[in-house]
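Breakdown of the fold
For reference, the chains in residue letters:
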Amino acid sequence: MTDRSQAEHHAATAKIQARRGFSIVWIVPIVALVIGGWLAFKAISEKGPTIAITFSSAEGLEAGKTKIKFKDVEIGQVETIALSDDASHVRVSAKMIKGSEPYLTDQTKFWVVRPRINGGSVSGLGTMFSGAYIGIDGSKKGNPALAFTGLETPPVVTVGQPGRHFTLHAETLGSLDVGAPVYYRQIQVGQVVSYGFDQDGKAVDVKIFIEAPHHTRITENTRFWNASGFDVSLNAQGLKVDTQSMISIVSGGIAFDVAKEGLPGEVAKENATFFLYADRNATQEKKYTVRNYWMLLFDESVRGLSIGAPVELYGIKLGEVVDLSLEFDLDKKKFQVPVVIAVAPERVSAAKREAALKMVESDPEAFMKVLVEQQGLRAQLQSANLLTGQLMVNMVFVPNAPKATLSRHGDYRVIPTTSGSFEKLQESLSRIITNMEKVPFDQIGAELQQTLKETRNTVNGFGGLAGKLDQETVPQVQATLVELQKTLVELQQSVGKDSPLNYNARKTLEELNQTLRSFRELADTLELRPQSVIFGKETKKNE
Amino acid sequence: MKQDAATARQLGLVNCHDCRLLVETPQHAPGRCPRCGAHLHLRKPNSLARTWALVCAAVIFIIPANLLPMTITTTLGAKQADTILSGVIYFMQSGSWEIAMVIFIASVFVPFAKLSILIVLLLSVQFRSAWRPKDRTTLYRLTELVGRWSMVDIYVVTILVALVKLGAVAAIEAGPAAVYFAAVVVVTMFAAESFDPRLIWDVIEEDV
């Protein structure tokens, strides 16, 4: 009680003041709400599409870390990495930024960017520091898509790059690879984009890309040839080594030029098809597309005639032998040799070539019939080479030949044959013998003796020349060849598999790799334990 | 506390918050302290409303604080943004679970616990609950005690940003979440400050 009265006694009297009204503290949550709302709005409005990409392996990819970059600008991030249902590939799900939608079409390509050393180029070195990322080649053409199949190798040509694609038809691929250079006068103007079998798998289609502005150099008359490796040719002008560049020796290459004869023609269109020749010389030979097949029936020896032997008219090649066999004719009871020849009418030039060709092509039989019946066209065997005994087929016009026409044998029309030059030889021989009697032999003999003497002098002179050739020129050629061989061996040694250059390059790369790895470890340590900058590396207790 | 002991309010007295002078004053409108001139309050003014407002603000701020990246680490050109939780998970996966625990407790558990406690206290006072007043006062003391420690994350980020500046090799930057996280901590501290624990006991006193 005393306590209370004391308190009452000592308590002071307060100064009275009016109370305040609304508390301004509510501004704080309102401000918070405004900021939160703005953040939420931003997050929702900036949300981009989520896409799915399939890869054969997730090497170097990390969920939540790996970025997707378009021309080195970050436009997305990998969210999850999972195996597909049958575990045959990897499904990567990635979140893209807003505004990336126009570039996500079925033409868009994705690939993993890793360090690569390929033929003449090194790419993706930057990823040694930062880890792999997914590259994208966005294309606005095509239908919008959200699911993609990733490429295993980066595309050689990006979609936006100006230029033109062409298809080259080749018999074999050779040493060409994707990315192999295409040269025009030894300057690189394009690359091999892809290759594959053609529709029936009998040849190879090589797709190339020629960069602008060089794509206009490809015209109708352009000839492409495989410029892989180097060509060595020895002719009257000496030894010649032809190559495009060191890179093309290693990884193959293609070169092109306008065909020697004729004008360049019109500029070729996108995806035009050309033939890929085996080498430069092959481009000079004309390519014939039309071939007519005929049969010749011989009842004499065809020894020396082989498949590929030429068929000539007036000494100009018209075609070649494509098949020969021996058969027995039951009706006539005798053996005969059917020879199938292929004739390329395009080899013949004419004043009105197009019209003439059209006529031959539309009905070759009628054309040939006229030749055989009215002008006496016949086939005969003729010696092509006296030394080797090779035979060839010669087409001749025999003015007083017995009447004959085109007959049919199996699938082929048969051109009548005439006996070879041996029978003619006999006729001529008898004529010569009758004429021989008129020859003044004693006079000839005396002159012959004189001639022989002179000949001997000439031959002696020749002998000296031959000796000179033997002593001077041949050793030089031989020395040149030996030198060439040496050079090639040295080249092989210096760039070959076990060469010091190769070894050193490999060693350097390994060391670079180690350095980068330790660099990376340092960075990881710093990221994990930044305190180690101050306190040093901590040692684990249980070690 | 003994039930028969009188409180200042029952005696019509007000304790000056600044100089602790006992003042006799009409309780509906206490004025100023005659000694030091401070405003006199029987209870902290508008305690409930203020605390509610600050708690609401903290609840809003805690969302971006946890969803946005707290640190942006650049290691050899690779940028890596980490939220609080992804940092915790990263440390746990890389084996440093002690650091993970510290960050989790300081940056996730404490702020959420503090906010929850404050909301429970506010609700219980609002609905005039007489449930375990002593325990609730202990909870309040806990929030005040622990409040300052939830700034640990901000300190860690500040130190890291200052320390790890190795140019291209490694650099750490503070992310946008740091601002919101700091706001949460500050606002909850003010909220805990503006809450008057005597309100817990007023209900019991009036019921008696």
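Because the structure is a prediction, the values reported are computed rather than measured.

What chain B contains, in helices and strands, is seven helices and five strands. Beginning at the N terminus, the succession of helices and strands in chain B can be written as β-β-α-β-β-α-α-α-α-β-α-α. The buried share of chain B, taken over its 208 residues, is 32%. Contacts spanning at least 24 positions in sequence make up 62% of the contacts within chain B whose residues lie at least 6 apart.

All names here are of chain A. The sheet contact formed by strand E3 (residues 67–70) and strand E4 (residues 73–83) spans four bridges and is antiparallel. Counted as the bridge partner of Lys67 is Gln77 from E4. Here E3 folds back onto E4, and the loop between the two strands holds two residues, one of which, Lys71, carries a positive phi near 50°. Here seven bridges tie E4 to strand E5 (residues 90–97), and the two strands are oriented antiparallel to one another.

Residues and elements named next belong to chain A. Spatially, seven strands are ordered E11-E14-E13-E12-E18-E15-E19 in a closed barrel, and the strand pairing comes out mixed. Strand-to-strand twist across the sheet, computed as the mean angle between neighbouring axes with direction ignored, equals 35°. Bridge analysis of strand E15 (residues 222–226) against strand E19 (residues 272–277) gives two bridges, and the strand direction is parallel. Bridge pairing links Phe224 to Leu276 in E19.

Turning next to the environment of Thr158(B). Within the secondary structure, Thr158(B) sits in helix H5 (residues 152–163). Considering only alpha carbons, one finds Thr158(B) and Ile172(B), 14 residues apart in sequence, at a separation of 9.6 Å.

For the rest of this paragraph, the subject is the confidence of the model for chain B. Do not read the predicted coordinates in detail wherever pLDDT is low. Overall, the prediction assigns chain B a mean pLDDT of 82, with 94% of residues at 70 or greater. Within chain B, the lowest mean pLDDT, 76, falls on helix H7 (residues 198–207) of chain B, and the highest, 89, falls on helix H1 (residues 47–67) of chain B.

Procedures and definitions
Residues numbered from 1 in each chain as written. Chains lettered and ligands numbered in written order. Predicted model: local features only at pLDDT ≥ 70, side-chain atom pairs only at ≥ 80, totals over all residues. Helix = DSSP H or I, 4+ residues; strand = E, 2+ residues; numbered from the N terminus. Buried ≥ 20, exposed ≤ 12 C-beta atoms within 10 Å, placed from the backbone. Contact = placed C-beta atoms within 7 Å. Pairing = 2+ DSSP bridges. Axes fitted to C-alpha atoms, helices over the stretch in contact; angles between N-to-C directions. pLDDT = per-residue confidence, 0-100.

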